[in-house]
Structures are given as C-alpha cells and as structure tokens.
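Structural overview for review
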Amino acid sequence: DQYDIVFLGYPIWWGEAPRIVSTFMESYDFSGKTIVPFCTSGGSAFSDAIEEIKDMEPNATVLDGLHIGASSVTDAESRVNEWVAELGVSK
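Residues numbered from 1 in each chain as written. Predicted model: local features only at pLDDT ≥ 70, side-chain atom pairs only at ≥ 80, totals over all residues. Heavy atoms only, no water.

1. Describing the overall build of the protein chain
Condition: A helix here means a DSSP run of H or I that spans at least four residues, while a strand means a run of E at least two residues long, and both kinds are numbered starting from the N terminus. The reference for a compact globule is 2.2 Å times residues^0.38; the radius of gyration itself is calculated from the C-alpha atoms. Relative accessibility decides the category of a residue: with a 1.4 Å probe and only protein chains considered, values under 20% of the type maximum give buried, values over 50% give exposed, and everything between is partly exposed. Note on definitions: a residue-residue contact is assigned when non-hydrogen atoms from the two residues lie within 4.5 Å. Computed by Shrake-Rupley with a 1.4 Å probe, the accessible areas treat only the displayed protein chains as cover when residues are assessed. Neither His nor the chain ends is counted toward charge; the positive residues are Lys and Arg and the negative residues Asp and Glu. Every charge is mapped to an atom, namely NZ of Lys, CZ of Arg, CG of Asp or CD of Glu.
When helices and strands are counted, the protein chain shows 3 helices and 4 strands. What you see in the protein chain, going N to C, is helices and strands ordered as β-α-β-α-β-β-α. Taken over the C-alpha trace, the protein chain has a radius of gyration of 13 Å; the compact-globule value for 91 residues is 12 Å, and the two agree within 12%. With the principal axes as the frame, the protein chain shows a C-alpha extent of 35 × 35 × 15 Å. For the protein chain, the residues scored as buried account for 33% of the 91 residues in total. Taking the intrachain contacts of the protein chain between residues at least 6 apart in sequence as the baseline, contacts between residues at least 24 apart amount to 69%. With an accessible surface of roughly 6,000 Å², the protein chain has 51% of that area assigned to carbon and sulfur atoms. Each charge sign in the protein chain was given a centre, from 5 positive and 15 negative side chains, and these centres are 4 Å apart.

2. Here's the deal with the environment of T40
Take T40: it is sitting in strand β2 (residues 34–41). Residues T40 and W14, spaced 26 residues apart in sequence, show a C-alpha to C-alpha distance of 12 Å. Beyond its immediate sequence surroundings of up to four residues, T40 is in contact with Y10, P11, I12 and I68.

3. Digging into the layout of surface pockets
So the rule is basically this: Cavity and pocket criteria rest on a 1 Å grid covering protein atoms alone: a 1.4 Å probe that fits but cannot get out defines a cavity, protein on both sides within 12 Å along at least 5 of 7 lines defines an open pocket, and an atom within 4 Å of a point defines a lining residue. Grid points are joined across faces, edges and corners, and a volume is the space filled by probe spheres set on the points.
Approximately 190 Å³ is the volume found for the largest pocket. D1, Y3, I5, V6, F24, Y28, D29, F30 and K33 are the residues that line the largest pocket.

4. Section: the pattern of salt bridges
Just so we agree on the cut-off: The salt bridge criterion pairs a side-chain nitrogen of Lys or Arg with a carboxyl oxygen of Asp or Glu, the two atoms within 4 Å.
Applying the stated criterion across every chain yields a total of 3 salt bridges. The salt bridge partner of E16 is R19, with a shortest N-O separation of 3.8 Å. A residue is classified by how much of its surface remains accessible, and E16, at 41% relative accessible area, is partly exposed. In this structure, R19 engages E52 in a salt bridge whose closest nitrogen and oxygen atoms are separated by 3.9 Å.

Coordinates in, geometry out; function isn't part of it.
Written out as structure tokens, the structure is:
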C-alpha cells in the first residue's frame, strides 16, 4: 500500500514471464499503482508478457518496460541508468 510505483523484474523464459509472476500479481492489489516491468533473457523479448500484466492488473498503469537481452549485457548498466532517468522516478 505504501508504494505508488512498483518495479517488476523477472527473466523471460521462452517468451513468457515465469508463472511466479502471475502468482505475485494475483496476491496483491495494484489498483492505482504504476507497474514498471523489466526483464532479462538469453534471446526472447517481452513478447506478450506486458499485455498479460495489463490484463491481470486492469486498474493499474503498466509501462512498456525494459528488456536486457544477452547481446546487451555489456552496456546494461548504462541502459538501466538511462531508462530510470527517462522514467523520471529516481531521486
């Protein structure tokens, strides 16, 4: 209840978020919250994972998120820093 913005990070497995993400989303009410997904993968992209989060949490704002794939690991820190700065949520 004390957070307005929730960063949701997970690995993508074969184009999908792990089932534990669904369990987590079902366990809490994210109405009125902003959900900021981010994921890592060896080769898969977000695929339908963002839409699935939006479907699970229709009363939340779900941002597009950030995907860090195996090919972008070397510049991951700078990508994350830029992404967080663009979100305008860091202090």
